[in-house]
Amino acid sequence: MGTAGLEPATLACEASDQLAFIPVNWHSLLIMGESGVFVLSATYAPGHWDDVITVSRLAGKIQILLPGYHGQVRGGRSAIRSW
């Protein structure tokens, strides 16, 4: 999983919270923060159950790459609408 030369970005949400946005591939984003680790993937609307399975598998692969993280990597999808 390469990031194609993209660097992680951080965004301060509140005084004590920070989020890191890390591109995983051309359509997925890893979001890391104090409340957990999340994978957000873009899919085409209206979406399909295969999208949920794919995002879940990606979250599992990222979970393996974070051996010091004891929480669950959560996956989600966001539908892309085409006009």
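Rules used throughout
- Residues numbered from 1 in each chain as written.
- Predicted model: local features only at pLDDT ≥ 70, side-chain atom pairs only at ≥ 80, totals over all residues.
- Heavy atoms only, no water.
- Core = buried A, V, L, I, M, F, W, Y, C linked by side-chain atoms within 4.5 Å.
- Buried < 20%, exposed > 50% of the residue type's maximum accessible area, 1.4 Å probe, protein only.
- Helix = DSSP H or I, 4+ residues; strand = E, 2+ residues; numbered from the N terminus.
- Contact = heavy atoms within 4.5 Å.
- Expected span 1.5 Å × (residues − 1).
- Arc of directions from axis to C-beta.
- Pairing = 2+ DSSP bridges.
- Right-handed = clockwise from strand over helix to strand, strands pointing away.

Undergrad: Help me understand the nonpolar core in this model?
TA: Nonpolar side chains in soluble globular proteins tend to be buried together. Counting 8 residues, the largest nonpolar core consists of Val 24, Leu 30, Val 37, Val 39, Leu 58, Ala 59, Ile 62 and Val 73. Secondary structure elements with two or more residues in this core: β4 (36-44) and α1 (49-64). Setting aside its immediate chain neighbours within four residues, Val 39 contacts Leu 29, Leu 30, Val 55, Leu 58, Ala 59, Ile 62, Val 73, Arg 74, Gly 75 and Gly 76.

Undergrad: So what exactly am I meant to see when it comes to α1 here?
TA: Two residues of an α-helix separated by three or four positions point the same way, owing to the 3.6 residues in each turn. In a regular helix each residue adds 1.5 Å, so 16 residues correspond to 22 Å; α1 covers 23 Å between its end C-alpha atoms and thus fits that length. All of the buried residues in α1 are Asp 51, Val 55, Leu 58, Ala 59 and Ile 62. Across the axial projection of α1, the buried residues extend over an arc of 100°, all falling on one side. Along α1, exposed side chains directed more than 90 degrees from the buried face belong to Trp 49, Arg 57, Lys 61 and Ile 64. Buried positions along α1 lie against β2 (18-25), β3 (28-33), β4 and β5 (73-80).

Undergrad: Any chance you could explain the pairing of β5 here in plain terms?
TA: Along any regular strand, the residues point their side chains to alternate faces of the sheet. Sheet topology places β4 next to β5; 8 bridges connect them, and they run parallel. Pairing of Leu 40 across the sheet is with Gly 76, part of β5. This β-α-β element, β4 to α1 to β5, shows right-handed connectivity.

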